[in-house]
Structure formats: structure tokens, C-alpha cells
Amino acid sequence: MKSAIDYRNKFILAPMVRVGTLPMRLLALEYGADLVYTEEIIDWKLLRAERHTNEVLGTVDYIDKTDGTVVFRTCADEREKVILQIGTASVERAVAVGLMMQNDVAAIDVNMGCPKDFSIKGGMGVALLYDRPRAKAILEGLVQSVSIPVTCKIRVMPDPDETIALAKDLQSTGISAIGVHGRTKTERPRDPVNEDAIASVATALHIPVIANGGSQSITRRHDIVKFAQRCSTTSVMVARAAEWNCSVFRADGPLPLDDVIRRYLELSVRYDNSPSNTKYCVQMMLRSLQESPMGRRLLDSQTMQQICDIWELGDYCRETQLRYHFAGIKGRRACRPRTLSENGENTGANEGEPAASKKQCLEDTAASQETDSREPLLEENVCFIRSNFTDDNALPKSKLYLHAVRNGLERAQYDVQQKDKLFRAFIRFDGQRYTSSFWEKNKRYAEQAAALVCLLKLGVESRDELIRNGAMLPTAKSNTVEQQHECTVEHGDKRNGASETNGTEHTVRVANGKEKLSDVAEGC
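Residues numbered from 1 in each chain as written. Predicted model: local features only at pLDDT ≥ 70, side-chain atom pairs only at ≥ 80, totals over all residues. Heavy atoms only, no water.

Q: Please explain the overall build of the chain as it appears in this structure.
A: When helices and strands are counted, the chain shows 19 helices and 18 strands. Relative to its full complement of 524 residues, the chain shows a buried share of 56%. Of the roughly 22100 Å² that the chain leaves accessible, carbon and sulfur atoms contribute 46%. (Helix = DSSP H or I, 4+ residues; strand = E, 2+ residues; numbered from the N terminus. Buried < 20%, exposed > 50% of the residue type's maximum accessible area, 1.4 Å probe, protein only. Areas by Shrake-Rupley, 256 points an atom, 1.4 Å probe, with all protein chains shown as cover.)

The following block contains the structure:
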């Protein structure tokens, strides 16, 4: 029996690339949204992912088998309200995704409105509006196969009558509702939204129509209601206005931006959102304030701790991550490539663990090292955080080079391994070999991390300093750390449901640490 959602009279967070991840969805619900859409996720990304129950975080995670990244994360708080939007051009792949995901989301939406080149070239997004048989086949396949509601989101056509005919055709597939963005495929957010075109569709269909595209006129909940009235609908999905200040959904009016950012950061820490995604979303909130001193600090940030420090949440972040670390979270620091057995099959770290989920397995150092056992290898789990080194001469490789010159030693020799999409470097220096067990995402960072290990073992770098700046984690053997652990468990912030058994990774860097992002996110 199919489940049902009443799409009438709803305030909805629209699907937005890189914005509609779990913390933002939960924030929107907290502020008064009735339904929340995920960002668009391409069908093949979901199909190559494996489902994991993350007992530490209390979430369900879909993990990319090729690089260990989280493709989709959800939790019980949004279970009946989260709508998965997929990008697809294939009936078979769409149905496969629907069957795989239907127990973890409230509904499935097919993106038929994204005007970006990558969608159109793949036959997805707005391209489906010009391939009506394929669009209908995808919707019919989903409606007939899954037990949850199916919807789609479109853009208006240049001809209003053509838009109505298209919408009626899509309605005939049995979908439960349709979202209509009031701009054509060539129009952009700066262009006026065609409210009349949305209204004409709303009056022509018998299923609920969800109006979209009105962010230019929306700064508070009352504006959302007015936009719905002008579009002759009862439901609205809000994209950019919610991206700028998610408290736009609040019945009592929007909150100051700093309050919204702080709450968003709390949720990001609680649910292990990646620093890169967290940084992007905060940049979208700051908009022109990216040029302010606070904005410049954000641009220079790479870790979650550095981001949280700006809004005086650094202690909360550190305490939470430390508590999670001791709770045994299997996170980024345990990330390693997939290994192959003798018969070529993927093998995991432990029996019963899916092999390809790198971020969900702890590294067995003895088993994973592919090195000559006759040569001693000095190893530590150290990651390279670029923002810790403002002077290029202070970079680990530079410091190791200067150390060699000053002491009349031969220069270090670097050997880099690449497996899957991860890198690990080995250094030969003064008769010893050094490496970091932290698998980096590029060759340069892997070499710098190995150099840090070498400098640490040589006494040039301080372990305490590396722990302080996030390059290393403390060990349970340290009395200081044990005291910190006791303190954080006792005094940790419980407001978001975090407990001693709920956790996350410690440090992941932003790939483009100083990239300034313009206000480009848009609901497709």
C-alpha cells in the first residue's frame, strides 16, 4: 500500500545543489518548514553507494563505494518529511534508485528543471521537458514500482499553453504533485518570475502545484504566503531566500543571521557534515559579508574547528569531536582504499563490513601496509592542514629540506602510493622510513603529511602542537586527554541529542580552502 503526503498548504525547502544536506534540512524543519527536499543526487551516484546504519551518529548513510564519501545522510527526525530529488534520464536507473531508497525517505522527486549544462548533456533536468515520452516513462516507472509518493519539478515553457499541456501530460502518470519554477530554461534568478504561468498550471491541474522561484520577493514567512496567493497555489518551495536565511520559515519572523549560522554550525558538528559543505553553506548565508573580517576568516578556514571558532563554537566543536573520537567513531582518519583479495574481490577491514566503505572501517595498519617488512617504518596518523602554514617556508617539506641542509644530510626521497582516489607518501631520510597512515586526497598533501611525521620523529615538530592545530588526535593513554574526555562527556552539549555514543570524524580539510564562492546556488 502506498504511503501518502498531503502536498497542499505546505512551506517547503526547495532542492538546492550543495545546500540541501542534512544540517540545512533539519534547520529548515526546526524553523517551520513542512517538507524538505534533498539536493539533486544523480541516479548512478546512489546506485554505486552502499547503505549503512551509522549507530554512532544515529543516521542512515549511503556511502560511495569508490571514494568513501557520504552521498546521502538522513536521520529519524526528518524521516516523514524528506523528499529525495534525483537526476536521471533512465527509467531503469530511476526505478532502481526508488526501490533502494524508499524505506529511508518520504517521497521521490524527479528533477526536470535544472538548466545546467551537465544535466542537459546527460539528458536530465530540463532536457526531459523536451523529451516528453522519456519523462513520462520515468515517472510511470517510479509510480508503479515504489510505495512512496512520486513528484517532479519543472520549469515553465516559453509558451504558456505548452506549459499547461506538458503539466497535464506529467499529471497523467499518477504523480502526487508537481513543482513549477516560474522561469524558462534560459532565464536566471535575476530575471522576473512568471507568476501568471504558475497560476495557469495550478488552475489547470487537479493535483497540488508547488510554486517556486519567488525568492526575490521573500524575506519572511508572510511573503511566502503572498507569493502562493499570486500563483494561485497553496504550497511554495523556497530556494535562495532560505539559503540566505533559513529562518525565513519562522512564523515569528526571521532571526539575526549570526543566530542562524550558529545553529546551523551546531547541527553540522552534531551530524558530521563535511567542512567543505559547511563552509559553502555559510558563505552563501554571508553573501556580500564575505569581504568582512569575519568573512575573510571563513575563507581562510579549512577545518570544522576553524569555522566554528569564528562564531565562538570552537569549544563545542572540539569537545563534541573529542567525545565522538573516544566513542569509537569510524571516520575520516580511518579512511583507507579498498583492498583486493587474491581472487580480485573487494574485501573490507572486518568480516561483515562492506569492503568499499572506506569511511566506515578502521585501518588495520599491519594488514594495509604494502611495504618491505625488512625496512623499519615509523608511522603516525597525521593529516596536512594547509591553513596551518601561512608561510611557504614553514611547510613540512620545506622544513625537512632545511633540516637536511643544516645538518649535512641527503635530501628526503618521496614515494607516493595511489589507490582508488586516495594517496599516501613514504619518505626515506637519513636511513629511516616515515609515513602517515592518513590517506590524503592528493599527492601534494600526502607528501606534506609524511614530512610532518618525519619532523615529529626527529623532534623538529611538537606532538602537542600538532594535536592543538588539528593535525593529530590525542591518544587515550594521555592523562590530559583522559581528563578532557571526562570533562566533555560530563559537560558536552546535549541539546541536539548528542551522547557518548554519537560521534563523527575529527578533521577533514576543504579542498579549495580560500575559494571565494559567489551566490550561485539555485533550486533546480
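Q: Quick question: what am I supposed to make of the packing of aromatic side chains here?
A: Two aromatic rings, taken as a pair, are described by how far apart their centres are and by the angle between their planes. Here the structure, examined in full by the defined rule, presents three aromatic pairs. On the basis of an interplanar angle of 40 degrees and a centroid distance of 6.1 Å, the ring pair of tyrosine 62 and phenylalanine 72 is categorised as tilted. Placement of tyrosine 62 in strand S5 (residues 59-64) and of phenylalanine 72 in strand S6 (residues 70-75) is noted, with a sequence separation of 10 residues between them. You'll find tyrosine 62 and phenylalanine 72 in the same group, each marked buried. Geometrically, the ring pair formed by phenylalanine 384 and tyrosine 445 is edge-to-face, given 4.9 Å between the ring centres and 80 degrees between the ring planes. (Phe/Tyr/Trp six-rings, centres within 6.5 Å; stacked < 30°, edge-to-face > 60°.)

Q: Just checking my understanding: could you explain the sheet that holds strand S18 (residues 432-436) for this structure?
A: Neighbouring strands of a sheet are bound in pairs by backbone hydrogen bonds; such pairs are parallel or else antiparallel. Strand order in the open sheet formed by four strands is S15-S18-S17-S16, with mixed pairing between adjacent strands. Of all the strands in the sheet, just strand S15 (377-380) and strand S16 (413-419) have a single pairing partner and so form its edges. When strand polarity is set aside, the average angle formed by the axes of neighbouring strands in this sheet is 20 degrees. Packing of helix H16 (residues 396-406) onto the sheet brings it into contact with S16 and strand S17 (422-429), and relative to S17 it is tilted by some 10 degrees. Contacts from helix H17 (residues 443-458) reach S15, S16, S17 and S18, with the element oriented near 40 degrees to S17. (Pairing = 2+ DSSP bridges. Axes fitted to C-alpha atoms, helices over the stretch in contact; angles between N-to-C directions. Contact = heavy atoms within 4.5 Å.)

Q: Would you mind going over the side chain of asparagine 54 with me for this structure?
A: Within the secondary structure, asparagine 54 is located in strand S4 (residues 49-54). Polar side-chain contacts of asparagine 54 include one of 3.2 Å to the backbone nitrogen of valine 56. Only 3.0 Å separates the side chain of asparagine 54 from the backbone nitrogen of leucine 57, close enough to count as a polar contact. (Polar contact = N/O pair within 3.5 Å; in protein donor to acceptor, adjacent residues only side chain to side chain.)

Q: I keep staring at the nonpolar core and nothing clicks. Help me out?
A: A general tendency of soluble globular proteins is for nonpolar side chains to be buried together. Of all hydrophobic cores here, the largest spans 109 residues; its most connected members are Met112, Leu170, Ile178 and Phe249. Looking at this core, the element that brings in the most residues is helix H1 (residues 22-31), giving seven residues. When residues no more than four places from it in sequence are discounted, the contact partners of phenylalanine 249 are Phe11, Ile12, Leu13, Ala28, Tyr31, Gly32, Ala33, Arg221, Ile224, Val238 and Ala242. In terms of nonpolar packing, the next biggest core, distinct from the first, is built from 25 residues, Phe429, Ala449, Cys454 and Met472 among them. (Core = buried A, V, L, I, M, F, W, Y, C linked by side-chain atoms within 4.5 Å.)

Q: Honestly, the environment of serine 145 in this entry has me stumped. Any pointers?
A: In this fold, serine 145 is placed in helix H5 (residues 132-145). A C-alpha to C-alpha distance of 7.2 Å links serine 145 and leucine 99, two positions 46 residues apart in sequence. Ignoring any residue separated from it by four or fewer positions in sequence, one finds serine 145 in contact with Val95 and Leu99. Polar contacts involving the side chain of serine 145 include one to the main-chain carbonyl oxygen of glycine 141, which spans 2.6 Å.

Q: Would you mind going over unusual backbone geometry with me for this structure?
A: Glycine aside, residues mostly have negative phi angles, and peptide bonds mostly take the trans form. Phi at serine 232 is positive, roughly 60 degrees, even though this residue is not glycine. Note on placement: serine 232 falls in the loop between helix H8 (221-230) and strand S12 (235-238). Classification of serine 232 by relative accessible area gives partly exposed; the value is 42%. Although it is not a glycine, arginine 287 adopts a positive phi angle of roughly 50 degrees. Locating arginine 287 in the fold gives a position in the loop between helix H11 (275-286) and helix H12 (293-300).

Q: How should the sheet that holds S5 be read in this particular structure?
A: Read from one edge of the open sheet, three strands run S4-S5-S6, paired in antiparallel fashion. Only two strands of the sheet have a single partner each, and these edge strands are S4 and S6. When strand polarity is set aside, the average angle formed by the axes of neighbouring strands in this sheet is 20 degrees. Relative to S6, S5 runs antiparallel, the two sharing five bridges. Paired with valine 60 across the two strands is threonine 74, which belongs to S6. Seen against the sheet, H1 touches S5 and S6 and runs at an angle of roughly 30 degrees to S6.

Q: Explain the packing of helix H10 (residues 257-270) against H11 to me, please; I cannot follow it from the model alone.
A: When two helices pack together, their arrangement is given by the angle between the helix axes and the distance between those axes. Their axes nearest at 11 Å, the elements H10 and H11 cross at an angle of 170 degrees. When the interaxial angle is binned, H10 and H11 end up roughly antiparallel. In contact with Leu257, Val260, Ile261, Tyr264, Leu265 and Ser268 of H10, H11 contributes Asn277, Thr278, Cys281, Val282, Met285 and Leu286. Classifying every residue of the contact of H10 with H11 by side-chain character gives nine nonpolar, three polar and no charged. (Parallel < 35°, antiparallel > 145°, perpendicular 65-115°, else oblique. Nonpolar A, V, L, I, M, F, W, Y, C, P; charged D, E, K, R; others polar.)

Q: Quick question: what am I supposed to make of a nonpolar patch on the surface here?
A: Nonpolar side chains collect at one region of the surface, where Tyr401, Leu402 and Val405 lie side by side and expose about 260 Å² of accessible area between them. Relative to the elements of secondary structure, tyrosine 401 occurs in helix H16. (Patch = residues over 30% accessible without salt bridge, like charges linked within 9 Å, V, L, I, M, F, W, Y side chains within 5 Å. Salt bridge = Lys/Arg side-chain N within 4 Å of Asp/Glu carboxyl O.)

Q: I'm lost on H17 in this one. Help?
A: For an α-helix the count is 3.6 residues per turn, leaving residues at separations of three or four pointing the same way. Here H17 contains 16 residues, and its C-alpha end-to-end distance of 23 Å stays within 8% of the 22 Å for a straight helix at 1.5 Å per residue. In terms of burial, H17 is largely enclosed, as 12 of its 16 residues are buried. Restricting attention to buried positions, one finds in H17 the residues Tyr445, Ala446, Glu447, Gln448, Ala449, Ala450, Ala451, Leu452, Val453, Cys454, Leu455 and Leu456. Buried residues along H17 sit in contact with S15, H16, S16, S17, S18 and helix H18 (463-468). Here H17 starts with a cap whose side-chain oxygen sits 3.2 Å from the backbone nitrogen of arginine 444, and that cap is asparagine 442. (Expected span 1.5 Å × (residues − 1).)

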